[in-house]
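Coordinate analysis (summary)
The primary structure of each chain is shown beneath.
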Amino acid sequence: MDQPETLSPITALLPWQQPVWDELVLRQQRTGLPHALMFTGLSGLGKHRVTLKTAHWLLCTRREAQGLSEACGECHSCRLWEAGNHPDFIVCEPQDGSRQIRIDGIRKVNEFLNQTPQISPCQVVILHPAEVLNTNSANALLKTLEEPPGESFLLLESERPAAVLPTIRSRCQSVPLALPEQALSMDWLQQQGVPAEQAEEALRHNHFAPLAALEWHRQGGAEKYQQWLGNLCHWAEQKQRLDVTIKYWKDDDLAELLSWMATLLLDLTKARSGVPEALLRETRVTNRFACATLSLTKLLALHARATSVLGEIHSGASYHNRQLLLETLLIDWQSMLTSNGS
Ligand SMILES: [Zn+2]
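In short, a report on the structure. (Residues numbered from 1 in each chain as written. Predicted model: local features only at pLDDT ≥ 70, side-chain atom pairs only at ≥ 80, totals over all residues. Heavy atoms only, no water.)

Turning next to the overall build of the protein chain. Across its full length, the protein chain holds 16 helices and five strands. In terms of overall dimensions, the protein chain has C-alpha extents of about 70 × 45 × 30 Å along its principal axes. Looking at the protein chain residue by residue over its 342 residues, the buried ones come to 49%. A fraction of 74% describes how many contacts in the protein chain between residues 6 or more apart in sequence connect residues 24 or more apart. Put simply, the protein chain shows about 16,300 Å² of open surface, and 50% of that area lies on carbon and sulfur atoms. (Helix = DSSP H or I, 4+ residues; strand = E, 2+ residues; numbered from the N terminus. Buried < 20%, exposed > 50% of the residue type's maximum accessible area, 1.4 Å probe, protein only. Contact = heavy atoms within 4.5 Å. Areas by Shrake-Rupley, 256 points an atom, 1.4 Å probe, with all protein chains shown as cover.)

This part is about the pattern of salt bridges. Pairs can form between side chains of opposite charge whenever their charged atoms are close. Enumeration over the complete set of coordinates arrives at nine salt bridges. Glu-146 is the partner of Arg-171 in a salt bridge, and the nearest nitrogen-oxygen pair spans 2.6 Å. With Arg-171 in the loop between helix H7 (166-169) and strand E5 (173-176) and Glu-146 in helix H6 (residues 135-146), this residue pair connects regions lying 25 residues apart in the sequence. On the basis of relative accessible area, Arg-171 is assigned to the partly exposed category, the value being 28%. A salt bridge links Lys-250 to Asp-251, with the shortest nitrogen-to-oxygen separation between them at 3.5 Å. (Salt bridge = Lys/Arg side-chain N within 4 Å of Asp/Glu carboxyl O.)

Cis peptide bonds are those with omega within 30 degrees of zero, and the linkage from His-128 to Pro-129 qualifies with -10°. With respect to the element layout, Pro-129 can be found in the loop between strand E3 (123-127) and H6. We note that His-207 has phi near 55°; this positive angle belongs to a residue other than glycine. Its location among the elements puts His-207 in the loop between helix H9 (196-204) and helix H10 (210-218). A relative accessible area of 48% places His-207 in the partly exposed class. Within the chain, Gln-238 stands out as a residue other than glycine whose phi angle is a positive 60°.

What follows deals with the nonpolar core. In terms of nonpolar packing, the biggest core is built from 78 residues, with Trp-228, Leu-232, Phe-289 and Trp-333 touching the most fellow members. With eleven residues, the single largest contributor to this core is helix H13 (residues 254-272). Once you skip the residues sitting within four places of it in the chain, Leu-232 turns out to touch Trp-249, Leu-264, Phe-289, Leu-330 and Trp-333. One finds Ala-130, Val-132, Leu-145 and Leu-154 within the second-largest nonpolar core, a separate group that totals 23 residues. (Core = buried A, V, L, I, M, F, W, Y, C linked by side-chain atoms within 4.5 Å.)

The next point concerns the coordination of the zinc ion. Six octahedrally arranged donors around a metal ideally form angles of 90 or 180 degrees; four tetrahedrally arranged donors ideally form angles of 109.5 degrees. Taken together, the protein ligands of the zinc ion are Cys-60 (SG), Cys-72 (SG), Cys-75 (SG) and Cys-78 (SG), with distances of 2.3 to 2.4 Å. Seen from the zinc ion, its four donor atoms lie at angles of 104 to 114°, and the figure they make is tetrahedral. Sequence positions of the donors to the zinc ion reduce to the motif C-x11-C-x2-C-x2-C. On the criterion of sequence distance, the pair formed by Cys-60 in the loop between helix H2 (47-59) and helix H3 (63-66) and Cys-78 in helix H4 (residues 76-82) is long-range, its members being 18 residues apart. For the pair formed by Cys-60 and Cys-78, the shared burial category is buried. (Donors = N, O, S within 2.8 Å, 3.2 Å for Na, K, Ca; no water. Tetrahedral: all angles 85-135°; square planar, octahedral: opposite > 155°, others 65-115°.)

Here we have five strands laid out as an open sheet, ordered E2-E3-E4-E1-E5, and parallel in their pairing. Because the sheet does not close on itself, it has two edges, and the strands there are strand E2 (89-92) and E5. Direction aside, neighbouring strands of the sheet carry axes that sit 20° apart on average. Note: E3 against strand E4 (residues 152-158), five bridges, orientation parallel. If you follow Gln-123 over to E4, its bridge partner there is Ser-152. Along the sheet face, helix H1 (residues 18-31) touches strand E1 (36-40) and E5 and points at about 150° away from the line of E5. (Pairing = 2+ DSSP bridges. Axes fitted to C-alpha atoms, helices over the stretch in contact; angles between N-to-C directions.)

The quantities given are spatial measurements derived from coordinates; they are silent on function.
Next comes the structure, spelled out in structure tokens:
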């Protein structure tokens, strides 16, 4: 339970977020907003920026009287927001290295909402990501979601709404953030200093989500991915031992390794099924693997396995035997390559 260190005075929207904001403001003006909203969309679209801006706006003391479509930036509430010290606002997220939101976090939310607002006309809680609420936490939150005490708003964020418990999901109104047109993302990335060719590659590797693409570019994602792929190919071509291959990946995040593997498998499945290379994420993929001879059954099984473990990690599962998991996936990978196309 933390307040962000700096709450921006008026959080600027990213170009693709404006339609969502306009819709939200319109909804508020017409019917008022419901007490529980779930902001959904892929990672890398800036959901948290939109929920912060919403919280700031809802808390602004001049919003209602003046019919403002964003926070005024001048009232007592807005000044406290700017100072990062607003008594009517909290953020609930996984704590102490846990991947899950535990019940004590939700108890703090409930206690907070049972107080009355000190400055603003309402209290606001941002909870993210909603898919890592464990069952106990979700149960503890249900009553608050159904009958929020006083004037309060719960703003949940989720990149995998299907993984959020239905009891939670059904009590929230959805605010979906859509993927921007590729041309808009390309323009924006180039404005951030990413050259066009690299911007295009970064988008392809990140489900076309612009913020994720920017972060990937800044972290040297292309180089890391090519190193991973090179090692995988060496193993697959039996030029490198299993333990040596896995050792090369020791500093890579397990979720990232699985995500690379899952998307490469999807590319291979498409290539195996005759999808043109230009529509694949990794355009050089068919040169590196003899796609025509791959077993479709094994491709799909391996893809399902990688995505299933990835889903468990994203839903807050804290423990996987990394070494064993990577060994099994690599052995299955080689078996897929050496089978004969059924
Ligand atoms: Zn204000």
